[in-house]
Amino acid sequence: MKSRLNTILIIFSIVPLVIITAITLSFYGKKKQSDHIANLQSNAEFGSKIITNLLHTQETELSLLARQNEIVNLCLYSSGSSSNAISLYQDSQNTLLQKQYLNPYYEMLTIYDRTGNIIRSTNEREQNQAYRTHPIIERINTTNMVTSISLSPGYYNSLTRDCSYIDIGSPIFRSQTNKIIGYLVLTVNASFFNEYLDIFELRTFDFTTLMDRSGNYLFFHVPSKPIQEKNPTFISNFKSTIEENSLLGYSSLGTIYSGSSYAYHLIDDLNWYFVILQNNNFHATYSYAITIVIASIIILLIIILVSSRKIAYSFAYPLLNLRDCMRQAADGNLTVLCNVKTKDEFGELSRSFNKMLHIIKSNYDELSFVHKKLLVKEEQLRSNYEHIEFLAYHDSLTRLPNKAAFYDYLDTTLTSEPSSTQAHAIYFVDLDNFKTVNDTLGHDYGDELLIQTANLLNFFIKDNDLLARAGGDEFLFFKANISSQEEGVNFAKDILKKFKEPININGKYIYISMSIGVSLYPLNGVQYHTLIKNADIAMYRSKDTGKNRLTLFDESMQQEVSRHSEITEILRHAIDNNEIYLEYQPQFDLALERIIGFEALMRIHSPVLGNLSPTEFIPIAEESGMINDLGSWALREACTFNKYLQDNGLPYCIVAVNISTIQLNQNDFVTLVADILKETGLSPQYLELEITESAIVSSIRDAVSILDELQNMGIRISLDDFGTGYSSLNYLTQMPINTLKIDKAFIDKINLNKKDNYVAEAIISLAHNLEVKVVAEGVEDHTQLSLLREKRCDLIQGYLYSKPLKPNDLIHILQIKK
């Protein structure tokens, strides 16, 4: 064991070190090479940009020089021999010489006429020689470029060319017509790049150069080993590399430039390449690092060989002692003791082992005693199991089967006879106004009412029937083997009759009714969950149609539920999907004979269901709580539109926006309205909020407080649909309203029914006495209009004057009436 431990210590000490060191060196080398490549490419691109910027600067300066009056006038009047022409020659010569003097790298400046002949040059030898048309002039004429750059190929024989020269040409334009009247050509010594490249510290490389696609050297900068002639290997490598990537690239040389790398970058529009070459010096780092690693490994190996023997012994002795003790304990001797007395982990392990054996022995004795007790408890557990099972499938209050038990029973019954033609009925029973009992008498009375209800329903159970409590005040009843649909309906009627008598709970007589939904198997479904769902739908139909009744499920109910769900989903995304919009119905002032306002009406068009009626989607929006978001959107949209009309010079009108009860009951409704007015910039006096009587019936005091705050802000308040709801005169005297709207139901019959005529007249008179304006809704014929004029109605709104309009249509009408 000691030998194996000694060997393991050596292996697991040295091998990981060698592997980690090798991996580190590998990654280090790759990182060093990657950084080297990235640095070369970055500097090649940087140098290319320096060259490009320098050339563009020279182009700009040359273009500005070509616009000076001395140069332009010389091209215009150079053919003359008068004293004026001589003066022009002298002025232009001074301008060119001054420019050349200020730029020591300018080799010469030459002016050509439009045919390519030299007019003036700072180099007199060039002036006196005949030349063919300069190539850069041909390039300017061919490409229609404002300036052009080319390399001097030895064309000007009179110049001494120790290095490359760059020609930059610019056309000379006549000022008024922008017609080319000559050309100005600048010849620059390419060595002027040295000064700028030195500034940007590119001298650290072995050499930098400009080359063309053919491998010709155009310029050298700071070469550490000056190249006297073209090197075929380097040029061949360079030409093959740019064929693969003509914009930028990197390559290494392993022959003449052994251990060297170069990078290049294309200079825009010139087909020149800026090239940087540098020797690779990171191979020496490898050799030094490897030497250090090998030396370290040898030293560590010697240290480990010496120390591993001692470590192996110190570990092996206590382990062998512990092994012997464990063997004895495994054989059943729980009194054995381990004698390792060291103060390290082995000593602690020895002491823990002795303590563990003591605990095991104590526990063994205790377990023997506990085993006897467990045998007694086993009998108790068996007796409790049945009780637990009962609680899992029964309601603890009524002792009826619960929903899970009902589902299991129904599923078993229906699946056991799939081909049977026997009919069954499922009843979903819900107590009406059960919450009122809890709220008024307390939950103890509510619980007792549920117990007695369960007992009364148990009266109807026969063979194979099942009654279960679904939860809350809901019960499920399965009636097996009915002979006809009529029998199933009559059974539900019998249940309703049973509960016509009051129930006595602790001396209090409580009248309770219930709403029942009925679904039939197999008429309304063959799966238990479908039948229960359909019975639930039918039960809610009973609730919605007056309670204390039964409803037999039919497919139209499912369609209504599905449509309700579809509309709910449409409303949830109506704003994001741009399916909601507003139409505006004008309000016409009978006294002023003009439009003084308009009502914003919410509309929704769904790609799936088409146009939805507000009478259909507004109740769903209120029920789901989405009316808050939709109402806020409508209020903001209406205010924005009205402000738009005002800003575009249209008559200032009041926009009326309908507010639901749910919106009005929001805690921050007043703040919301104020924020929207501030956001849209609409003055409060041009906003009217329309509320219905139902919005204030629950709490007239709270409603009046909210409306007072709104009215104090300058917002107008309108009472909508007056005459169809509670129509309490108390509301009119307490509520702070500015406008009262007579419902269309009265207006429709105003010319047909004297009673409606008198009611409308009384409403108008009462409103005027309360200093409240009156709007008649739904005016559709001239007879109604005449009667309303006669009764001094203030405003009319209806199809007689205009239907609800899209925003652009309303703008059109307002522009006509302006």
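Reading guide: rules and limits
- Residues numbered from 1 in each chain as written.
- Predicted model: local features only at pLDDT ≥ 70, side-chain atom pairs only at ≥ 80, totals over all residues.
- Heavy atoms only, no water.
- Helix = DSSP H or I, 4+ residues; strand = E, 2+ residues; numbered from the N terminus.
- Contact = heavy atoms within 4.5 Å.
- Areas by Shrake-Rupley, 256 points an atom, 1.4 Å probe, with all protein chains shown as cover.
- Phe/Tyr/Trp six-rings, centres within 6.5 Å; stacked < 30°, edge-to-face > 60°.
- Lys NZ or Arg CZ within 6 Å of the ring centre and 35° of its normal.
- Buried < 20%, exposed > 50% of the residue type's maximum accessible area, 1.4 Å probe, protein only.
- Axes fitted to C-alpha atoms, helices over the stretch in contact; angles between N-to-C directions.
- Left-handed = near helix turned anticlockwise from the far one by under 90°.
- Nonpolar A, V, L, I, M, F, W, Y, C, P; charged D, E, K, R; others polar.
- Salt bridge = Lys/Arg side-chain N within 4 Å of Asp/Glu carboxyl O.
- Pairing = 2+ DSSP bridges.
- pLDDT = per-residue confidence, 0-100.
- Core = buried A, V, L, I, M, F, W, Y, C linked by side-chain atoms within 4.5 Å.
- 1 Å grid on protein atoms, 1.4 Å probe; cavity = no way out; pocket = protein on both sides within 12 Å on 5 of 7 lines; lining within 4 Å.
- Points joined across faces, edges and corners; volume = space filled by probe spheres on them.

K.L.:
With reference to specific residues and values, describe the overall build of the chain.
P.N.:
Within the chain one finds 26 helices and 26 strands. Within the chain, counting contacts between residues at least 6 apart in sequence, those at least 24 apart form 63% of the total. Just so you have it, the chain exposes about 44,200 Å², and 52% of that area is on carbon and sulfur atoms.

K.L.:
Run through the packing of aromatic side chains, naming residues and quoting values.
P.N.:
Pairs of aromatic rings are described using the distance from one ring centre to the other and the angle between the two planes. Evaluated as defined, the whole model comprises 13 aromatic pairs. Note that Lys-498 overlies the ring of Phe-459, its terminal NZ or CZ placed 4.3 Å from the centroid.

K.L.:
With reference to specific residues and values, describe unusual backbone geometry.
P.N.:
The amide bond that connects Tyr-521 to the next residue, Pro-522, takes the cis arrangement and shows omega of 5°. The topology assignment puts Pro-522 in the loop between strand 16 (514-521) and helix 14 (528-544). Unlike most non-glycine residues, Asn-433 shows phi in positive territory, near 55°. For Asn-433, the position within the fold is in the loop between strand 11 (423-431) and helix 11 (434-441). The phi angle at Arg-792 is positive, at roughly 65°, despite the residue not being glycine. Judged by its relative accessible area of 56%, Arg-792 falls in the exposed class.

K.L.:
So what's going on with the packing of helix 17 (residues 627-647) against helix 19 (residues 669-680)? Residues and values would help.
P.N.:
Contact geometry of helix 17 with helix 19 gives a least axis separation of 9 Å together with a crossing angle of 35°. For the element pair helix 17 and helix 19, the recorded crossing hand is right-handed. Of the residues in helix 19, those touching helix 17 at Ser-632, Leu-635, Arg-636, Cys-639, Thr-640 and Lys-643 are Leu-672, Val-673, Ile-676, Leu-677, Glu-679 and Thr-680. In terms of residue class, the contact of helix 17 with helix 19 is built from six nonpolar, three polar and three charged.

K.L.:
How would you sum up the pattern of salt bridges? Please name residues and give values.
P.N.:
It is possible for side chains bearing opposite charge to pair when their charged atoms get close. Taken as a whole and assessed by the stated rule, the structure comprises 23 salt bridges. For Lys-99, the salt bridge goes to Glu-61, with nearest N and O atoms at 3.8 Å. Note that Lys-99 is positioned in helix 3 (residues 83-102) and Glu-61 in helix 1 (residues 2-65), a separation of 38 residues in sequence. Between Glu-560 and Arg-541 there is a salt bridge; the shortest N-O distance is 2.1 Å. Note that Glu-560 is positioned in helix 15 (residues 555-573) and Arg-541 in helix 14, a separation of 19 residues in sequence. Residue Glu-560 is classed as partly exposed on the basis of its relative accessible area of 42%. Through salt bridges with shared partners, a single network forms among Glu-599, Glu-690, Lys-741 and Glu-777.

K.L.:
Which residues make up the sheet that holds strand 17 (residues 550-552), and what are the values?
P.N.:
Read from one edge to the other, the open sheet built from five strands follows the order 12-13-11-16-17, with strand pairing classed as mixed. Whereas interior strands pair on both sides, the edge strands pair on one side only; in this sheet they are strand 12 (466-471) and strand 17. The sheet shows a mean angle of 20° between the axes of neighbouring strands, direction not considered. Of the pairings in the sheet, the one linking strand 16 to strand 17 comprises three bridges and is parallel in character. Residue pairing for strand 17: Gly-517 is matched across the bridge by Thr-551. Contacting strand 11, strand 13 (474-482), strand 16 and strand 17, helix 14 crosses the sheet at an angle of about 145° to strand 16.

K.L.:
Outline the confidence of the model for the chain, supporting the account with residue identities and numerical values.
P.N.:
Detailed reading of the predicted model is not advised wherever pLDDT is low. The share of residues in the chain with pLDDT of 70 or more is 86%, and the mean pLDDT across the chain is 82. Averaged pLDDT values for the elements of the chain fall to 60 in strand 3 (residues 148-151) and rise to 96 in strand 21 (residues 654-658). Residue range residues 153-162 is modelled with pLDDT below 50. Its contacts to residues more than four positions away, or to other chains, number 24 contacts. Note that residues 224-229 has pLDDT below 50 and, in this model, six contacts with residues that lie over four places away or in other chains.

K.L.:
I'd like a rundown of the nonpolar core, residues and numbers included.
P.N.:
Counting 79 residues, the largest nonpolar core has Leu-687, Leu-689 and Leu-710 as the members making the most contacts within it. Other than its neighbours up to four places away in sequence, Leu-687 contacts Leu-635, Cys-639, Ile-654, Val-655, Val-657, Val-673, Leu-677, Leu-682, Ile-715 and Arg-716. Counting residues in each nonpolar core, the second largest holds 38 residues, with Ile-166, Ile-181, Phe-193 and Ile-276 among its members.

K.L.:
Describe the layout of surface pockets, listing the residues and the values that go with them.
P.N.:
Volume-wise, the largest pocket comes out at about 1,000 Å³. Lining the largest pocket are 36 residues, and of these Glu-599, Leu-601, Pro-614, Asn-658 and Asp-720 lie nearest its centre. At the level of elements, strand 18 (580-589), strand 19 (594-606), helix 16 (614-624), helix 17, strand 21, helix 18 (661-664), strand 22 (687-692) and strand 23 (716-722) are the ones that each hand at least two residues to the lining of the largest pocket. Considering the residues around the second largest pocket, the lining is formed by Lys-533, Asp-536, Ile-537, Tyr-540, Arg-541, Asp-544, Thr-545, Met-557, Glu-560, Val-561, His-564 and Glu-623. A per-element tally of the lining of the second largest pocket places helix 14 first, with six residues.

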